[in-house]
Amino acid sequence: MLRVTQSNSAARAKSYYSTADYYTEGQELVGLWRGKGAARLKLSGMIDRDDWDLLCDNRQPETGEALTPRRKDERRVGYDFNFHCPKSVSLLYGLTQDQRILQAFRESVEATMEDIEAESKARVRRGGKNEDRLTGNLAWGEFVHFTARPEDGVPDPHLHAHCFVFNGTFDEQEDRWKAVQVGDIKRDAPYFEAVFHSRFARRLEELGLETRRTVNGWELTGIAPETLTTFSRRTARIEKLAKARGITNPDAKAELGAQTRSGKAKEMSMPELNHLWRSRMTEQELASLDAVRRRVGRDPIGEDDRAALGAVERAMAHSFERASVLPERTFLAEALRQGYGVASRETIERLAGKQPLIRATRDGRQLVTSLEVLEEEKAMLRFAREGRGTCRPIHLGTITFPVKNFSEEQKRAVRHVVTSKDRVVLIRGAAGAGKTSMMKVARDVSVAIAAENVILAAGTIGTTRILLNSAKTTPAIANPRIGKGLILHPSVPLIGIFDKTIKLLEGLDSATFVEAFGVTPGFIFETMGGLPAYGALLVPGNGKQVYETVSQFNQCAGFGTMLVDTPSDDNCVSLDEQGDVMVQYGLSDSDKQRLRTGVAIGIRMMFMAGAKQVIIPSNENFLNQENFDPMVGVYLTDIAQADLVERNLNFTPNRTLLTAAHLQATNKMSSSPETGVVSKHQRVWNVLTGTEIPNLYIMDSSIFPTSVGANPMQTIYTFAYIFSKRLLQGMA
Ligand SMILES: Cc1cc2nc3c(=O)[nH]c(=O)nc-3n(C[C@H](O)[C@H](O)[C@H](O)COP(=O)(O)OP(=O)(O)OC[C@H]3O[C@@H](n4cnc5c(N)ncnc54)[C@H](O)[C@@H]3O)c2cc1C
């Protein structure tokens, strides 16, 4: 992250001067003068303490004269631009001291600071003007540090640089030094940060080090995330504190970092630290790091043109997803982030420049939008324009307004919305004018839809809810069979852990289906794939067990045993007092017995396919263990254990997890209203007359009379196809 911190204290600015001695290999390097402004002040090479202190006091080191006119104590002394390395690079450098890495870092920092310098400005006030003028020169000291502030007395490796920019820039036209105007630079800090990382990642790839993108940036490949966590103790502590205090804002977190900062651990030399750091790593971690180290300087990795184009295209998709117009640099920063490592900044920006963007300048800032966004906007305007006067008003009756604090203007707005004949209605109002409460009233007016036919297709639960709520005021549909006899194909997912790589997310995820047991005893096996989060949900046990299992995701296979369940009136969908749905479901004893057998066969199949471990989503004591602890997951390791599962698994609610994706049969089709809710023409029965309601239909999986005992989509399609054909032909 590139942080820019303002310093108003000469004393604090003086402390930036490094006391480290380059030749003693301390945790910092002696600072270097950088920038065209420094050159103009005849400052170059290593920083001399006296020169530094004079500049901090706003004096020119050569003459001792005042630099800029401002002499107040509260003067802005300068700005600290902070550049940080990804943790993997800090660790590699900390443990190898490979100067090529340090050089790549310093060059990337310097080049980015030069980009920033090129945009430096001073305020022009002469002749009644009040504007900024480009000066293009700055003076700064670059201080490179190798470690973070210590935790428990020992710092972690953390390669970073402080570039302290003095608050002075030379205005050639007025021939004098003035304060720097940093507003635009600070505003564009995320862009400069992306420029720095883009450069640095590419430089390392040119050195032969492969990089990978992470959520917030990039890291070197070959160093495991767990290793990085071991060496990020300070970040971990700040994050923990921030969480405890409910702090999420990055600036507030940085402030927290400053508050919790311990003094520097200067007494330790880099070789001492190197030894301590190595002692915290396992053999395997050291071997991985060594493999990465050996790559440095070997085979440069070239730019990947396709990946670069992909990065720019992803940036296009991402940038305009939420904003229709944005600063060009916001888009460029995103493109650079997407392309870290794969291509240089120049390549990414060249490709970004070729994108079909519409550009405009507002208040000196370049803004962009895309042709697609413009087209969308035009389409929206067209939609609104063509929809004028084409609709029936939503509501023409009386409207109940809140008694208190509801203005005449709000009432007028509500009436306008609900009685308009336009398809789109726009309300504009100042912040706090009451738009939200006005819209709540507009939203809650009752909507009457006049339709020749009403087709309910809200699913097994949704349709039942609508019917039960409607039945409260329409006795003709108040059929006691509504919601009764819910079937849901309860399933027990099984996870098998293999020695070999499986990669569940590659290829077809539901490719195998075994229906040999479908009719008798009545269960089906199906391969099941899921994301690691789904696996984590299913795996019983403590956090460590879950983590270890999910970490082996690429060696996991899954399939489920799906029961063809038996209808029972006790399994039903009903409503609570608020009219919200309640689902009640339990397995009968015979269904439990069949499912147990199915699960046991599934376990045996998994072992026979080569699994070393099989996990069932249950913390029941199905192996009859002594001293059984339900908080510790029991995983099967032997095919013979399937017999115990078949005997003991009880499907206890909240201890064994069943999944259900095939909800059906709550509004069964039947030849009479006594036994079902819809007729064979899919019309809802009128329970008062025993006849069909002519224009109220149901068309979803709730009309199945019994379990289909198979995945239901094709049956639903078939029903829907026949139904719509009949309806169109007036034969329903
Ligand atoms: C994870 C998962 C995997 C599955 N895999 C398969 C598979 O591989 N093969 C297969 O055949 N089946 C599969 N299914 C089952 C299949 O998706 C369902 O059986 C099927 O979608 C049910 O169709 P439906 O029309 O009855 O209801 P739904 O598809 O649920 O449609 C009902 C719609 O009505 C809407 N609705 C609800 N209430 C209201 C309301 N009051 N007003 C307006 N709209 C409302 C809902 O938002 C929903 O869009 C799977 C289901 C899940 C959850």
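Remember, predicted model here, so these are calculated numbers, not experimental data.

S.K.: Can you walk me through the environment of Lys-121 in this structure?
M.R.: Inspection of the secondary structure puts Lys-121 in strand β4 (residues 121-124). Residues Lys-121 and Ala-179 lie 58 residues apart in sequence; the distance between their C-alpha atoms is 8.7 Å. The residues touching Lys-121, leaving out its near neighbours within four places in the chain, are Asp-132, Arg-133, Leu-134, Thr-135, Thr-169, Ala-179, Val-180, Gln-181 and Asp-184. In this structure the side chain of Lys-121 is engaged in a polar contact, spanning 2.7 Å, whose partner is the side chain of Asp-184.

S.K.: Got a minute to help me understand the site of the ligand in this structure?
M.R.: Surrounding the ligand, one finds 13 residues, the nearest of these being Ala-458, Asp-700, Ser-701, Asn-711 and Met-713. In this structure, Ala-457 approaches the ligand through a main-chain N or O atom, which is 3.5 Å from an oxygen atom. Compared with its free state, where it exposes 1000 Å², the ligand has 43% of that area covered by protein. Elements with a minimum of two residues in the shell around the ligand: α19 (459-471) and α24 (713-728). For the shell around the ligand, the element with the highest residue contribution is α19, accounting for 3 residues.

S.K.: Explain the domain arrangement of the protein chain here, please?
M.R.: Size of an interface, as often reported, equals the accessible area lost when the parts are brought together. Each domain of the protein chain was delimited in the assignment, giving domain 1 (2-187 + 232-279), domain 2 (305-373), domain 3 (388-443), domain 4 (454-485 + 667-728) and domain 5 (491-648). At the junction of the two partners, domain 4 supplies 16 residues and domain 5 supplies 18 residues. Counting the surface lost from both domain 4 and domain 5, the interface buries some 1300 Å², and carbon and sulfur atoms represent 60% of this. For the pair domain 4 and domain 5, the interface holds 2 salt bridges. Across the salt bridge formed by Asp-580 and Arg-465, the nearest N and O atoms sit 3.1 Å from each other. On the surface where domain 4 and domain 5 come into contact, there are 7 residue pairs in polar contact (both at pLDDT 80 or more).

S.K.: Explain the packing of helix α7 (residues 189-206) against helix α14 (residues 328-338) to me, please; I cannot follow it from the model alone.
M.R.: When two helices pack together, you describe them by how their axes are tilted relative to each other and by the distance separating the axes. For the pair α7 and α14, interaxial distance at closest approach is 9 Å and the crossing angle is 25 degrees. Classified by the angle between their axes, α7 and α14 sit roughly parallel to one another. The way α7 lies across α14 gives a crossing that is left-handed. Contacts between α7 and α14 involve Pro-190, Tyr-191, Phe-192, Ala-194, Val-195 and Ser-198 on the former and, on the latter, Arg-329, Leu-332, Ala-333, Leu-336 and Arg-337. Of the residues that constitute the contact of α7 with α14, the class distribution is 8 nonpolar, 1 polar and 2 charged.

S.K.: Help me understand the pattern of salt bridges, please; the structure alone is not making it clear to me.
M.R.: Close approach of charged atoms allows side chains with opposite charge to pair. For the structure shown, the criterion picks out 43 salt bridges. Here Asp-188 makes a salt bridge to Arg-187, at a shortest N to O gap of 3.3 Å. Taking the relative accessible area as the measure of exposure, Asp-188 reaches 6% and is therefore buried. Given the relative accessible area of 33%, Arg-187 is considered partly exposed. For Arg-345, the salt bridge is made with Glu-349, and the minimal N-O distance between the two is 3.5 Å. Linking Arg-345 with Glu-349, this pair stays in helix α15 (residues 345-353), spanning 4 residues, or about one helical turn. For Glu-349, a relative accessible area of 21% corresponds to the partly exposed category. Within the structure, one salt-bridge network assembled from shared partners comprises Glu-119, Lys-121, Asp-184, Arg-187, Asp-188, Arg-329 and Arg-365.

S.K.: Where do I start with the sheet that holds strand β24 (residues 683-686) in this structure?
M.R.: Strand order in the open sheet formed by 3 strands is β16-β25-β24, with mixed pairing between adjacent strands. With one partner strand each, in any of the chains shown, β16 (454-456) and β24 form the two edges of the open sheet. Taking each pair of neighbouring strands and ignoring which way they run, the sheet shows an average axis angle of 50 degrees.

Conventions adopted
Residues numbered from 1 in each chain as written. Predicted model: local features only at pLDDT ≥ 70, side-chain atom pairs only at ≥ 80, totals over all residues. Heavy atoms only, no water. Helix = DSSP H or I, 4+ residues; strand = E, 2+ residues; numbered from the N terminus. Contact = heavy atoms within 4.5 Å. Polar contact = N/O pair within 3.5 Å; in protein donor to acceptor, adjacent residues only side chain to side chain. Near = heavy atom within 4 Å. Areas by Shrake-Rupley, 256 points an atom, 1.4 Å probe, with all protein chains shown as cover. Domains from an automatic or database assignment. Buried area = accessible area lost by both parts, 1.4 Å probe. Salt bridge = Lys/Arg side-chain N within 4 Å of Asp/Glu carboxyl O. Axes fitted to C-alpha atoms, helices over the stretch in contact; angles between N-to-C directions. Parallel < 35°, antiparallel > 145°, perpendicular 65-115°, else oblique. Left-handed = near helix turned anticlockwise from the far one by under 90°. Nonpolar A, V, L, I, M, F, W, Y, C, P; charged D, E, K, R; others polar. Buried < 20%, exposed > 50% of the residue type's maximum accessible area, 1.4 Å probe, protein only. Pairing = 2+ DSSP bridges.

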